[in-house]
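# Residue-level structure breakdown
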Amino acid sequence: MRDDAFRAYFERHHASLSRLAYLMTGESAAADDLAADALTEVWRHWERVQAADDPIAYGHGILMNLARQWVRRRSRERLLSFGTSGRDQDARDVPAIVDVRGALRKLPHRRRACVVLRYAFDLSEREVAATLGISVGAVKSATSRGAKQLAELLGGSVARFDGWEAAR
């Protein structure tokens, strides 16, 4: 019974978790690993997941925490490998042509998470707040600031991001 319920959850949500991980990291190999790790954690805490008001939000929350850890670890590794300050590294990483994926990587984690969950996954502010474990007001603020920053990085004002398919 437990195995069947988890298998159904896996089949229904694996692609969504993988896509979310890709949008948060910008790397397909890391996205696959993070989605697998998130699903492993979902399995380990299956009773809690099933008891949750929104089981997929629980899985998204696990994935977002894993993605945040991955980004932090990656940033530390990059700084150590180049032996430079963050500012010097940022200057070297600016691509000639900025695309949505590159711009997303430049957003702070919370802003990126809010923008991705709101626009790419069409979650409500309340759903994003539940997924990230923050207030609706924090979601509104981070989404607004993230969208503005993303628009600036993309070179104009963007009301709605229609380039999500290209970013996936």
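Residues numbered from 1 in each chain as written. Predicted model: local features only at pLDDT ≥ 70, side-chain atom pairs only at ≥ 80, totals over all residues. Heavy atoms only, no water.

## Structural notes on the overall build of the protein chain
A tally of regular secondary structure across the protein chain gives 10 helices and zero strands. Mapped from its N terminus to its C terminus, the protein chain presents α and β elements in the order α-α-α-α-α-α-α-α-α-α. Buried residues in the protein chain amount to 39% of all 168 residues. Restricting the contact set of the protein chain to residue pairs at least 6 apart, pairs at least 24 apart contribute 68%. Here the protein chain has roughly 9,500 Å² of accessible surface; of this, 49% comes from carbon and sulfur atoms. (Helix = DSSP H or I, 4+ residues; strand = E, 2+ residues; numbered from the N terminus. Buried < 20%, exposed > 50% of the residue type's maximum accessible area, 1.4 Å probe, protein only. Contact = heavy atoms within 4.5 Å. Areas by Shrake-Rupley, 256 points an atom, 1.4 Å probe, with all protein chains shown as cover.)

## Structural notes on the confidence of the model for the protein chain
Here the protein chain shows a mean pLDDT of 81. Residues at 70 or above account for 77%. When pLDDT is averaged over each helix and strand of the protein chain, the minimum, 45, is found for helix α5 (residues 86–93) and the maximum, 94, for helix α2 (residues 28–44). Taken together, the stretch residues 82–98 has pLDDT below 50 and engages in 16 contacts with residues farther than four places along the chain or on a different chain. Below pLDDT 50 for its whole length, residues 162–168 participates in 17 contacts with residues either more than four positions away or in separate chains. (pLDDT = per-residue confidence, 0-100.)

## Describing the pattern of salt bridges
Counted under the stated rule, the structure contains four salt bridges. The partner of glutamate 47 in a salt bridge is arginine 2, with the nearest N and O atoms 3.6 Å apart. Within this pair, whereas glutamate 47 is found in helix α3 (residues 46–51), its partner arginine 2 is found in helix α1 (residues 2–25), the two being separated by 45 residues in sequence. On the basis of relative accessible area, arginine 2 is assigned to the partly exposed category, the value being 32%. Among the salt bridges present, the one from aspartate 4 reaches arginine 7, with a minimum N-O distance of 3.2 Å. Here aspartate 4 pairs with arginine 7, and both are found in helix α1, just three residues apart, close to one helical turn. (Salt bridge = Lys/Arg side-chain N within 4 Å of Asp/Glu carboxyl O.)

## A closer look at α1
Each full turn of the α-helix corresponds to 3.6 residues, which orients residues three or four apart in the same direction. The largest bend in α1 is about 50°, located at histidine 13. Of all the residues in α1, the buried ones are Phe6, Tyr9, His13, Ser16, Leu17, Ser18, Leu20, Ala21, Tyr22, Leu23, Met24 and Thr25. Glycine 26, located one to two residues past α1, shows a positive phi value of around 80°. (Bend = angle between axes of the 7 residues up to and from the residue.)

## Examining the packing of aromatic side chains
Taken as a whole, this structure holds four aromatic pairs when the rule is applied. Ring geometry for phenylalanine 6 and tryptophan 43: centres 5.0 Å apart, planes at 65°, overall edge-to-face. Of this pair, phenylalanine 6 sits in helix α1 while tryptophan 43 sits in helix α2, and the two are 37 residues apart along the sequence. Relative to tryptophan 46, the ring of tyrosine 9 lies with its centre 5.4 Å away and its plane at 80°, an arrangement referred to as edge-to-face. A residue pair is termed long-range when its members are at least 10 positions apart, and tyrosine 9 in helix α1 and tryptophan 46 in helix α3 qualify at 37 residues. Look at tryptophan 46 and you get buried, because its relative accessible area is 3%. (Phe/Tyr/Trp six-rings, centres within 6.5 Å; stacked < 30°, edge-to-face > 60°.)

## Overview of helix α7 (residues 109–120)
A rise of 1.5 Å per residue sets the reference length of α7, with its 12 residues, at 16 Å; its end C-alpha atoms lie 15 Å apart and thus fit the reference within 8%. With respect to burial, α7 is a largely interior element, nine of its 12 residues being buried. Listing the buried residues of α7 in full gives His109, Arg112, Ala113, Cys114, Val115, Val116, Leu117, Tyr119 and Ala120. Looking one or two residues beyond α7, the residue adopting positive phi is aspartate 122, at roughly 50°. (Expected span 1.5 Å × (residues − 1).)

## Quick look at the nonpolar core
Leu20, Val116 and Phe121 are the most contacted members of the largest nonpolar core, which totals 45 residues. At the level of elements, α1, α2, α3, α4 (55–82), α6 (100–106), α7, α8 (125–132) and α9 (136–153) are the ones that each hand at least two residues to this core. (Core = buried A, V, L, I, M, F, W, Y, C linked by side-chain atoms within 4.5 Å.)

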